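As a plain string of letters, each chain reads:
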Amino acid sequence: MGAAARSHAAAACAGSGGSGWLLPIQALLALAVWALGHTDPLAAPLATGLVALAIAFLSASQDVVIDAYRIEILADDEQGAGAGATQLGYRIGLLAAGAGAIALSDFASWSLVFSALAALAAVNLVVTLLAPEPQRTGDAPDTAVLPLAERLRSAVVEPFRDFARRAHWPAILAFVLLYKFGDALSGGMANPFYVELGYSGSEIAAIAKVFGIWATIVGGLVGGIVVARYGTVPTLAVGGVLQASTNLLFAALALRGHDLGWLTLAIAADNLAGGLASAAFVAYLSSLCAAAYTATQYALLTSLMAVGMRVFAASGGWLAEQLGWVWFWGGSALLALPGLLLLWWLQRQGVTRAPAAVQEAGAG
């Protein structure tokens with residue numbers, strides 16, 4: 001999801017009625033997905049682009065509101081399970097909109113494919129109607145009754161000001177930026193790597209896409225369980241080490257060449273580790289958010305992570321060309337060290353979550 005769309009969505013949705021925002025957003029999103037299937041990018045590229053832009057904005061808005069809802073509705077000891085459920089739903093959605101849509105296109109037109117995806121998106125309306133509304137914290141302003149300038153200040157300025165008052169907040173942001181540094185750099189080069197080793201499109205689709213997504217789902221569920229049992233910071237540390245270690249399997253694969261068994265092993269291990277680390281990371285980002293500003297602060301953190309991952313990934317091709325595949329994968333494993341060192345330092349400083357006074361503001 002685009003970082004800019006996520007930031008604008010946070011400004012629109014933060015502190016403005018909780019899960020009630022989901023109904024109109026999800027209805028419009030389902031309509032936009034349906035509309036995309038009924039545009040012709042060759043005959044009307046502008047219309048197709050505008051609908052795609054609407055989908056990006058609405059899906060970012062949905063993400064922001066759902067993340068804020070999850071943080072508000074769950075107790076601290078339930079955030080790990082909530083993060084795992086978030087990863088589960090996201091990956092199932094990827095399967096449906098990716099492999100599922102492509103498979104359906106062999107038997108139906110693209111307009112029918114997008115109509116089916118729109119119908120799946122509309123199912124969320126039923127779930128939203130059944131979901132309980134989170135309790136508003138006592139000190140959280142009711143922005144719906146405020147003038148526009150005050151609403152913007154409450155939704156945008158105050159959440160940033162609150163975060164900037166935290167102890168060691170630059171180090172927290174640096175950790176958010178660097179935790180998935182190596183993973184972002186190497187992940188963008190996976191497909192070119194597979195192609196250069198001679199794997200066919202069907203082999204890549206079956207192992208890297210379908211099997212790989214299920215491995216990520218399992219990793220996310222395991223991550224949620226581990227967070228609930230052992231805590232967020234230990235799981236982040238284990239996940240960071242595992243993410244780095246599994247890159248070494250791809251270095252070994254570069255030496256072995258075309259080997260389906262080794263490819264399956266490397267992808268399974270990497271996606272399991274990535275799913276576990278992602279669940280812990282989502283739980284960690286959730287714990288950093290103040291109760292009154294969940295949407296904007298979570299959007300700030302995830303946007304920073306997304307921008308960082310895209311910036312880091314941009315240099316992957318050049319590095320692979322300069323170093324060769326074996327050293328590229330080995331070097332990407334070492335890039336986990338800055339994030340892990342920052343995590344260790346933040347834990348020693350006792351700033352691995354929002355201050356208790358901020359979390360409990362307005363609890364009454």
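What you see is a predicted model; the values in this text were computed from it and never measured. (Residues numbered from 1 in each chain as written. Predicted model: local features only at pLDDT ≥ 70, side-chain atom pairs only at ≥ 80, totals over all residues. Heavy atoms only, no water.)

Asker: Which residues make up the packing of helix α7 (residues 169-178) against helix α13 (residues 294-314), and what values do they have?
Answerer: Orientation of α7 relative to α13, taken along the N-to-C sense of each, is 50°, at an axis distance of 8 Å. Judged on the interaxial angle alone, α13 and α7 are oblique. Note on packing geometry: the crossing formed by α7 with α13 is right-handed. Contacts from Leu-173, Val-176, Leu-177 and Leu-178 in α7 reach Leu-301, Leu-304, Met-305, Gly-308 and Phe-312 in α13. For the contact of α7 with α13, the class distribution of residues is eight nonpolar, one polar and no charged. (Axes fitted to C-alpha atoms, helices over the stretch in contact; angles between N-to-C directions. Helix = DSSP H or I, 4+ residues; strand = E, 2+ residues; numbered from the N terminus. Parallel < 35°, antiparallel > 145°, perpendicular 65-115°, else oblique. Left-handed = near helix turned anticlockwise from the far one by under 90°. Contact = heavy atoms within 4.5 Å. Nonpolar A, V, L, I, M, F, W, Y, C, P; charged D, E, K, R; others polar.)

Asker: How would you summarise the pattern of salt bridges if you had to cite specific residues and measurements?
Answerer: Two side chains with opposite charge may pair up if their charged atoms get near one another. Taken as a whole, this structure holds four salt bridges when the rule is applied. Of the charged contacts in the structure, one is a salt bridge between Glu-158 and Arg-161, with a shortest N-O distance of 3.1 Å. With Glu-158 and Arg-161 both in helix α6 (residues 148-164), this residue pair falls three residues apart, about one helical turn. Overall, Glu-158 belongs to the buried group, its relative accessible area being 12%. Residue Arg-161 is classed as partly exposed on the basis of its relative accessible area, which comes to 43%. Two residues, Asp-162 and Arg-166, come together in a salt bridge whose shortest N-O distance is 3.0 Å. Per residue, the accessibility class of Asp-162 equals that of Arg-166, and both read buried. (Salt bridge = Lys/Arg side-chain N within 4 Å of Asp/Glu carboxyl O. Buried < 20%, exposed > 50% of the residue type's maximum accessible area, 1.4 Å probe, protein only.)

Asker: Could you give an account of a nonpolar patch on the surface, naming the residues involved and the relevant values?
Answerer: A grouping of Leu-28, Leu-31 and Trp-34 is seen on the molecular surface, where their side chains present a nonpolar patch of about 310 Å² in accessible area. Along the chain, Trp-34 turns up in helix α2 (residues 22-36). (Patch = residues over 30% accessible without salt bridge, like charges linked within 9 Å, V, L, I, M, F, W, Y side chains within 5 Å. Areas by Shrake-Rupley, 256 points an atom, 1.4 Å probe, with all protein chains shown as cover.)

Asker: Now, about empty space enclosed by the protein: what can you tell me, with residues and values included?
Answerer: Over the atoms, a rolled probe matching the size of one water molecule traces out where space is still vacant. In this structure the tally under the stated criterion is one cavity of 30 Å³ or more. In this structure, the largest cavity encloses a volume near 60 Å³. Tyr-179, Lys-180, Phe-181, Gly-182, Asp-183, Gly-240, Gln-243, Ala-244, Asn-247, Ser-332 and Ala-336 are the residues that line the largest cavity. Those elements that provide at least two residues to the lining of the largest cavity are α8 (181-187) and α11 (232-256). Examining the composition of the lining of the largest cavity, we find that four residues originate from one element, α11, more than from any other. (1 Å grid on protein atoms, 1.4 Å probe; cavity = no way out; pocket = protein on both sides within 12 Å on 5 of 7 lines; lining within 4 Å. Points joined across faces, edges and corners; volume = space filled by probe spheres on them.)

Asker: How would you summarise the nonpolar core if you had to cite specific residues and measurements?
Answerer: Grouped together as the largest cluster of nonpolar side chains are 31 residues, with contacts concentrated most on Phe-175, Leu-236, Phe-281, Tyr-284, Leu-285 and Leu-301. When contributions to this core are tallied by element, the ones reaching two or more residues are α7, α11, α12 (260-287), α13 and α16 (337-349). The element that contributes the greatest number of residues to this core is α12, accounting for seven residues. When neighbours within four sequence positions are excluded, Phe-281 is seen to be in contact with Phe-175, Val-176, Tyr-179, Lys-180, Leu-236 and Met-305. Listed in part, the 21 residues of the second largest apolar core include Ile-207, Ala-254, Leu-263 and Trp-329. (Core = buried A, V, L, I, M, F, W, Y, C linked by side-chain atoms within 4.5 Å.)

Note that every value here comes from positions in space, so none of it alone points to a role or purpose.
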